[in-house]
Each structure stands twice: as C-alpha cells, then as structure tokens.
Amino acid sequence: MIGFSSYLYILKHSTATRVATYAFVNPIVALFLGWLFLHEAITLRTILASAVILAAVLLVITAPHRATVKTPVPSRDEAIEASEDPAF
C-alpha cells in the first residue's frame, strides 16, 4: 500500500521520466529487504550493480529538461500565400 501510494503521488507531482525510475529502484529495495529480513548475501557484484543503477537514476532525475518549442501552424491563407510567393 505504501509503495502504490508513493507511486501515485509521484505520478501526480512529477514528470514521466522521473516516475519511470521506480522500475530501476525497486530491485535495489528488494535486495535490501531480502538482506534485512531473509539474510540473503549481498556480494561485491551486487553492490557495484546497485551503484551503477542508482547513478543512472540520479542522472535521469537531475538532468535538465529541454523546453519543447512549439512552432506555430500557419493558417490556410498563410500557407496559400507562401506557396504562391515566387521566392518560395
């Protein structure tokens, strides 16, 4: 319930790119919970893989977002005038 509620919260308050990072973070949380409750072994390979995943997530979250530039769509009359222009 907590995980789903958190997912819904971030879905409403953030970008789709940031919301998608949950798919990368969930396995790391599962590793930690397995270690904590089931006493599963965490090897150096696991730690390195987790660090790479977390670094990638941090890059996605902190990357500057480009603003989308919307080019105005010419009206029908403007399009006809442009096609009749000899310089065109």
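Structure: see above.
Now for a quick tour of the structure. Counting restarts for each chain, with residues numbered from 1 along the sequence as it is written. Residues qualify for local features only when their pLDDT is at least 70, as the model is predicted, and side-chain atom pairs are given and counted only at 80 or more; totals for whole chains, interfaces and linings, by contrast, use all residues. Values shown for side chains rest on all heavy atoms present in the structure; no hydrogens or waters enter the calculation.

## Some thoughts on the side chain of S50
Next up, step 1: By secondary structure assignment, the location of S50 is in helix α4 (residues 44–62).
Next up, step 2: Accessibility here uses a 1.4 Å probe with only protein chains present; expressed as a share of the type maximum, an area under 20% marks a residue as buried, one over 50% as exposed, and anything in between as partly exposed. The class of S50 is buried, set by a relative accessible area of 13%.
Next up, step 3: By the convention used here, residues are in contact when the closest approach between their heavy atoms is within 4.5 Å. If we skip the residues at most four places from it in the chain, S50 touches I28 and L31. Under the DSSP-based scheme used, a helix requires at least four consecutive residues in state H or I and a strand at least two consecutive residues in state E, with every element numbered from the N terminus.

## Looking at a nonpolar patch on the surface
Next up, step 1: Without a salt bridge and with relative accessible area above 30%, a residue can belong to a patch; like charges are then joined within 9 Å and nonpolar side chains (Val, Leu, Ile, Met, Phe, Trp, Tyr) within 5 Å. Per-residue and other accessible areas were derived by the Shrake-Rupley procedure at a 1.4 Å probe size, with only the shown protein chains allowed to occlude residues. Here, a salt bridge means any Lys or Arg side-chain nitrogen found within 4 Å of an Asp or Glu carboxyl oxygen. A grouping of V29, F32, L33, W35, L36, F37, L38, I42, L44, I47 and L48 is seen on the molecular surface, where their side chains present a nonpolar patch of about 1100 Å² in accessible area.
Next up, step 2: Looking at the nonpolar patch, the elements with two or more residues in it are α3 (22–38) and α4.
Next up, step 3: Here the nonpolar patch gets 7 residues from one element, more than from any other, and that element is α3.

## A few points about α3
Next up, step 1: Its 17 residues give α3 an end-to-end C-alpha distance of 23 Å, which sits within 8% of 24 Å, the value for a rise of 1.5 Å per residue.
Next up, step 2: Positive phi appears at H39, one or two residues downstream of α3, with a value of about 60 degrees. Helix span, as expected, comes to 1.5 Å for every residue beyond the first.

## Some remarks on the environment of T15
Next up, step 1: Within the secondary structure, T15 sits in the loop between α1 (2–13) and α2 (16–19).
Next up, step 2: Judged by its relative accessible area of 34%, T15 falls in the partly exposed class.
Next up, step 3: Along the chain, T15 and I61 lie 46 residues apart, while their C-alpha atoms are 9.5 Å from each other.

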